[in-house]
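As a plain string of letters, each chain reads:
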2 protein chains.
Amino acid sequence: MITDEFSDPARRPVFPPAQTWDAMEMAFGGSLPHHGMPPDELLTLVEDKLLPAAGNPNHPGLMAYVLTASQPFAALMEALVAAIKLRPTTWKNQPASCHIETTVVRWLGEMVGFSDDAAGYLTTGGSWANMVAMAVARVRKAGWDVRAEGLHGHPPLAAYVSTEAHSCIDRSAELLGIGANSLRKVPVDAHFRIRIDVLDNMIRADLNAGYKPFCLIGHAGTVNTGAIDPLDTLADLATQYEMWFHVDGAYGAFAALAPQTRPLFAGLERADSLTIDPHKWLNTPFEAGCILTKRWDDLGDTFSLIPPYLRAAMGEEHNQYEYGFELSRTDRALKVWLALNQHGVDCYRDLVANHLSLAQYLAELVRQADDFELVSTPVLSICCFRFVPPELTPGDEAVETYLNELNHDIEMSLMQDGRALVSGTELNHKRVLRACIASHPTTQAHVEQALTLLQAHGRELHRKKGGPR
Amino acid sequence: MITDEFSDPARRPVFPPAQTWDAMEMAFGGSLPHHGMPPDELLTLVEDKLLPAAGNPNHPGLMAYVLTASQPFAALMEALVAAIKLRPTTWKNQPASCHIETTVVRWLGEMVGFSDDAAGYLTTGGSWANMVAMAVARVRKAGWDVRAEGLHGHPPLAAYVSTEAHSCIDRSAELLGIGANSLRKVPVDAHFRIRIDVLDNMIRADLNAGYKPFCLIGHAGTVNTGAIDPLDTLADLATQYEMWFHVDGAYGAFAALAPQTRPLFAGLERADSLTIDPHKWLNTPFEAGCILTKRWDDLGDTFSLIPPYLRAAMGEEHNQYEYGFELSRTDRALKVWLALNQHGVDCYRDLVANHLSLAQYLAELVRQADDFELVSTPVLSICCFRFVPPELTPGDEAVETYLNELNHDIEMSLMQDGRALVSGTELNHKRVLRACIASHPTTQAHVEQALTLLQAHGRELHRKKGGPR
């Protein structure tokens, strides 16, 4: 069953058919089981009921969210991780898991040019990693003992990020008690990059109002369009205003591997911390998010309950659990370590480069098509566009409203089609289709097929809907 | 390799032999791999280098921390979870995973008498679950829009928990920006239960000082000794002072399954939220911590970015990701669902009851032994005791210092022995040995063997050390 998922990845649709609550309740719900049932019956249930009601990330038509295929060998080894409860706690208790995690963070930092000697740990995903970065930033830059004293009775903190930020940055500001209101959303330019002039004004205004600007967050590839903020300039500003400089590269940082996009990441090496998610572009199983910092003590001073002189960055006193929130967390690094060893980083460089080319290819197809409009030119591997019936002229309000509806419906329609999947987003008040090409099974033929399918669904829906009212 | 871990669980020591940094660096470190290597070589590496440098939770001699054996079938199915990136996000996208998670939280709530209709989700572990509970408590009880406004410029918050609390409660107060200083540690009675009289005084003092008491945390089984706070009385106090009442039952709540201990949990049904970790006493693979609340909106109002009327507690609009911090997180519920279905809850009731009896049996052995002193009588399945050479009289300072050293050394010595494992803790300034019996392979014979080994190590070490100076 598991190997079939990889050997015949298109046997199941990329998006599951609609399921009713009642059907799922029948299969998985009901009352608390008092007596057991044999594993083979459970296995049948999983095969017959669970698989058809689960998405299929290994499908070559997947170009949605930042979801990517899994990795067969690493996935199988997750059974071992689960069997022996492998976890990076203390060196004494789990030397292999501790060492593998320190190795993986070092490799990731080197791969993307953040640091050849990075500290860090593997998280549930980008949300958790970004939250950790803001927690570290607070400890380093607040100016008081924030762990002991909290946020009450001190100057209000302020953090800065562009309006293109992932919602997890809001959630992080909320969770940390900073408050979403103190997260400044800086407008973006025509290429969805943070506007430095506005940012600078906002910081000055906050300083005048008694705020303590503590954290500046840049993007190494936004999730919406792949935009890369001017990292070098942000690093200058962070230095000038004594802020922590964090970069969210959950999706995009791996593009620093590819020669054609590497220059865009200039300044990444000046960041204090970086979010980078191997379970995205490295196509590893979930969960493999990652927070990287320059120094182990950045994390240790944020989480550890023992003093710095009792912690060791290297050697047999290095206990990974001093550098994160949890005491026991499952090993998330082995899958990344296996994937990097099995394929080698050159293979991932080629994979990324290929995805960059495919996104450009898709953009070209969109440009050439009569009934598509390119909304954002791919910087990395994300292409945003929309279906525009050739007889309609965008700009008019009724037409725009109709196009928003139509493109939303196309997105939904492709979900039920199951042969390809893109997601939708909103750019400049336009509902657009967003293809994120970051999954290794996806080839040029699948990109072509996805566009053909979108076109067919678009034409069919437009015919049915009949145009703007 | 994976099945061997279960079929021959004592083939590897319960605690790994000491490993040097250099040996691990040789096996798992080195420079970034540019070219790949075949999976079978990696498999050999895992077998030859990783397994010997990893702990063995399936070993029947394991009685340390709150670590327990894994579950073969559920562990194997983790490979499927990893292969298809199964995750409880939206109903549309992942109906099976969403439904399985809602089912598991409902079953867990019913099993322990918290609620027959609980909301919740599976977390990385108890730390995360307790942190979520405090985040929910803050949203519900602070008295202002804490998500938007944060903690600055409002009355300081205060939370209450006994001195026996797990360190994750401190870390949670820190992370949430409340500050460790605002976490009131309430002293305990002779049975390690929170002292209600002192608690009441502390709350009154805080109210007088302008604090807003927002969260009261009780224990349904502390990690140190298994002590259960008087939950009914705590519920009264929480009501009286309009605080959120959270119960940390990460380890102990499952003892509510057993008839002999169920009465101790009276009042649990009045808690607003409960931490309960299936990866502890249910012996499932990592990670399966869990936060339960009475209402879906408790979690939704804490994390969701969409308004309550767009969320649905049931039906095809139920999107699990609205109720937690992350958007994408791996499926953690399937393993619990499989374990409960495979064995049935009656089997877990018997398992827990057996562990309770084994702890009593161990306490009896300790009482009868000449060279052990029982330090805490088991309430649940934890027994704390220490080795006291018969010729020494505890109480004297030099003797106590010596006993602390000696018992610490015994603990370390058993680690390297590898045939059994207990952990150590400190109770009333005494270093003690702590056996936590919560793993299904552990039988009466293993309990006897552990004590025999501790005795042998104790005698040997005492002979070498020669007594107090």
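Residues numbered from 1 in each chain as written. Chains lettered and ligands numbered in written order. Predicted model: local features only at pLDDT ≥ 70, side-chain atom pairs only at ≥ 80, totals over all residues. Heavy atoms only, no water.

Under an unreviewed UniProt entry, chain A has the name Pyridoxal-dependent decarboxylase and belongs to Candidatus Entotheonella gemina. The heading Cofactor (unreviewed entry) in the UniProt record of chain A holds the text "pyridoxal 5'-phosphate". The record held by UniProt for chain A lists under Sequence similarities (unreviewed entry) the comment "Belongs to the group II decarboxylase family." (UniProt positions renumbered as here; feature names shortened; annotations may be inferred.)

Asks: Hey, could you run me through the overall build of chain A in this one?
Replies: A count of helices and strands for chain A gives 16 helices and twelve strands. Each of the three principal axes of chain A carries a C-alpha extent, and together these read 70 × 65 × 45 Å. Per-residue burial for chain A yields a buried fraction of 65% across its 469 residues. Long-range contacts, defined as pairs at least 24 residues apart, comprise 71% of the intrachain contacts of chain A with a sequence gap of at least 6. Of the roughly 15200 Å² of accessible surface on chain A, 52% is carried by carbon and sulfur atoms. (Helix = DSSP H or I, 4+ residues; strand = E, 2+ residues; numbered from the N terminus. Buried < 20%, exposed > 50% of the residue type's maximum accessible area, 1.4 Å probe, protein only. Contact = heavy atoms within 4.5 Å. Areas by Shrake-Rupley, 256 points an atom, 1.4 Å probe, with all protein chains shown as cover.)

Asks: For this particular structure, what's the right way to read the relation of the copies chain A and chain B?
Replies: One copy of the chain maps onto the other through a rotation about an axis followed by a shift along the same axis. Expressed as a screw transformation, the operator carrying chain A onto chain B has a rotation angle of 180 degrees and an axial translation of 0.0 Å, and the superposed copies differ by an RMSD of 0.0 Å. Here the transformation between the copies is reduced to the relation of a two-fold axis. Comparing interface residues between copies, 100% of those in chain A also sit at the interface in chain B, which points to an isologous, same-surface contact. (Least-squares fit on C-alpha atoms with pLDDT ≥ 70 in both.)

Asks: Can you walk me through the UniProt feature "modified residue: N6-(pyridoxal phosphate)lysine" (unreviewed entry) in chain A in this structure?
Replies: As recorded in UniProt, the feature "modified residue: N6-(pyridoxal phosphate)lysine" (unreviewed entry) lies at K280(A). Setting aside residues up to four positions removed in sequence, K280(A) forms contacts with V66(A), T68(A), G126(A), A250(A), Y251(A) and A438(A).

Asks: It is not clear to me how the side chain of T89(B) should be interpreted in this structure. Could you clarify?
Replies: Summarising the element assignment, T89(B) is placed in the loop between α4 (72–83) and α5 (95–111). Beyond its immediate stretch of four places on either side in the chain, T89(B) contacts Q94(B), C98(B), N319(B), Q320(B), Y321(B), L327(B) and S328(B).

Asks: Looking at this structure, I do not really get the interface of chain A and chain B. What am I missing?
Replies: Counting from both sides, the interface comprises 131 residues of chain A and, opposite them, 131 residues of chain B. Of the roughly 10900 Å² buried at the junction of chain A and chain B (both faces included), carbon and sulfur atoms supply 66%. It is W21(A), K85(A) and R171(A) that lose the most area in chain A upon contact with chain B, and together they represent 9% of the buried surface on that side. In this structure, the connection of chain A to chain B is made through six salt bridges. Two residues, R147(A) and E174(B), come together in a salt bridge whose shortest N-O distance is 2.8 Å. Inspection of the chain A/chain B interface yields 66 residue pairs in polar contact (both at pLDDT 80 or more). At ten residues, the largest contribution of residues to the side of chain A that touches chain B is made by helix α5 (residues 95–111) of chain A. Residues belonging to the side of chain A that touches chain B are distributed by class as follows: 70 nonpolar, 41 polar and 20 charged. (Buried area = accessible area lost by both parts, 1.4 Å probe. Salt bridge = Lys/Arg side-chain N within 4 Å of Asp/Glu carboxyl O. Polar contact = N/O pair within 3.5 Å; in protein donor to acceptor, adjacent residues only side chain to side chain. Nonpolar A, V, L, I, M, F, W, Y, C, P; charged D, E, K, R; others polar.)

Asks: Looking at this structure, how should I read the domain arrangement of chain A?
Replies: By a widespread convention, an interface's size corresponds to the accessible area lost as its parts come together. Residue and element names in this part refer to chain A. Its domain assignment divides chain A into domain 1 (86–343) and domain 2 (346–465). In this structure, domain 1 and domain 2 have C-alpha centres spaced 31 Å apart. Facing 27 residues of domain 1, the contacting portion of domain 2 comprises 25 residues. Between domain 1 and domain 2, a total of about 2000 Å² is buried, with carbon and sulfur atoms accounting for 66% of that surface. In terms of surface lost to domain 2, no three residues of domain 1 exceed N224, W281 and N283, which account for 29% of the buried area on that side. On inspection of domain 1 and its partner domain 2, the count reaches zero salt bridges. Here domain 1 and domain 2 share seven residue pairs in polar contact (both at pLDDT 80 or more) between them. Elements with a contribution of two residues or more to the side of domain 1 that touches domain 2: α11 (278–281) and α13 (334–343). Residue contributions to the side of domain 1 that touches domain 2 peak at three residues, all from α13. (Domains from an automatic or database assignment.)

Asks: Looking at this structure, how should I read the packing of helix α4 (residues 72–83) of chain A against α4(B)?
Replies: Two measures define how a pair of helices packs: the angle their axes make with one another and the distance between the axes. For the pair α4(A) and α4(B), the least separation of the axes is 7 Å and the interaxial angle reads 140 degrees. The angle between the axes of α4(A) and α4(B) places the two elements in the oblique class. The handedness of the crossing between α4(A) and α4(B) is right-handed. In this structure, α4(A) contributes A75(A), L76(A), E78(A), A79(A), A82(A) and A83(A) to the contact, and α4(B) contributes A75(B), L76(B), E78(B), A79(B), A82(B) and A83(B). (Axes fitted to C-alpha atoms, helices over the stretch in contact; angles between N-to-C directions. Parallel < 35°, antiparallel > 145°, perpendicular 65-115°, else oblique. Left-handed = near helix turned anticlockwise from the far one by under 90°.)

Asks: Help me out: how do you make sense of the sheet that holds strand β4 (residues 183–186) of chain B in this one?
Replies: Within a sheet, neighbouring strands are paired by backbone hydrogen bonds and run either parallel or antiparallel to one another. Residues and elements named next belong to chain B. One open sheet accounts for seven strands, arranged β2-β8-β7-β6-β5-β3-β4; its pairing is mixed. With partners counted over all chains shown, the strands left at the sheet margins are β2 (119–123) and β4, one partner each. Within this sheet the neighbouring strands show an average axis-to-axis angle of 20 degrees, counted without direction. In this sheet, strand β5 (residues 212–219) lies alongside strand β3 (residues 157–162) in parallel orientation, the contact comprising four bridges. Directly across from L157, in β5, lies its bridge partner K212. (Pairing = 2+ DSSP bridges.)

Asks: Would you explain the packing of aromatic side chains in this entry?
Replies: Any two aromatic rings considered together are summarised by their centre-to-centre distance and by the angle between their planes. Scanning the model with the defined rule gives 19 aromatic pairs over all chains in all. Considering the side-chain rings of F303(A) and F325(A), the 6.5 Å spacing of their centres and the 70 degrees angle between planes classify their relative orientation as edge-to-face. Of this pair, F303(A) sits in helix α12 (residues 296–303) while F325(A) is found in the loop between α12 and α13, placing the two residues 22 residues apart along the sequence. On the basis of relative accessibility, which here comes to 3%, the residue F303(A) falls in the buried class. Centre to centre, the rings of W337(A) and F28(B) are 5.5 Å apart; their planes meet at 70 degrees, and the pair counts as edge-to-face. In this pair, W337(A) is assigned in helix α13 and F28(B) in helix α2 (residues 21–28), connecting two distinct chains. (Phe/Tyr/Trp six-rings, centres within 6.5 Å; stacked < 30°, edge-to-face > 60°.)

Asks: How should helix α12 (residues 296–303) of chain B be read in this particular structure?
Replies: Residues spaced three or four apart along an α-helix point in a common direction, a consequence of the helix completing one turn every 3.6 residues. Counting buried positions along α12(B) gives six out of eight residues, so the element sits mostly inside the fold. All of the buried residues along α12(B) are W296(B), D298(B), L299(B), G300(B), T302(B) and F303(B).

Asks: For this particular structure, what's the right way to read the pairing of strand β10 (residues 382–387) of chain B?
Replies: Both faces of the sheet carry side chains from a regular strand, because those side chains alternate between them. Residue and element names in this part refer to chain B. Of all six residues making up β10, six are buried, and the element is well covered by its neighbours. The alternating pattern of β10 places I382, C384 and R386 on one face and C383, F385 and F387 on the opposite face, and all of these are buried. Once strand β9 (residues 372–376) ends, the chain turns through five residues before running back antiparallel as β10. Here β10 runs beside strand β12 (residues 430–436); their pairing, made up of four bridges, is antiparallel. Following the sheet pairing, F385 is matched in β12 by L433.

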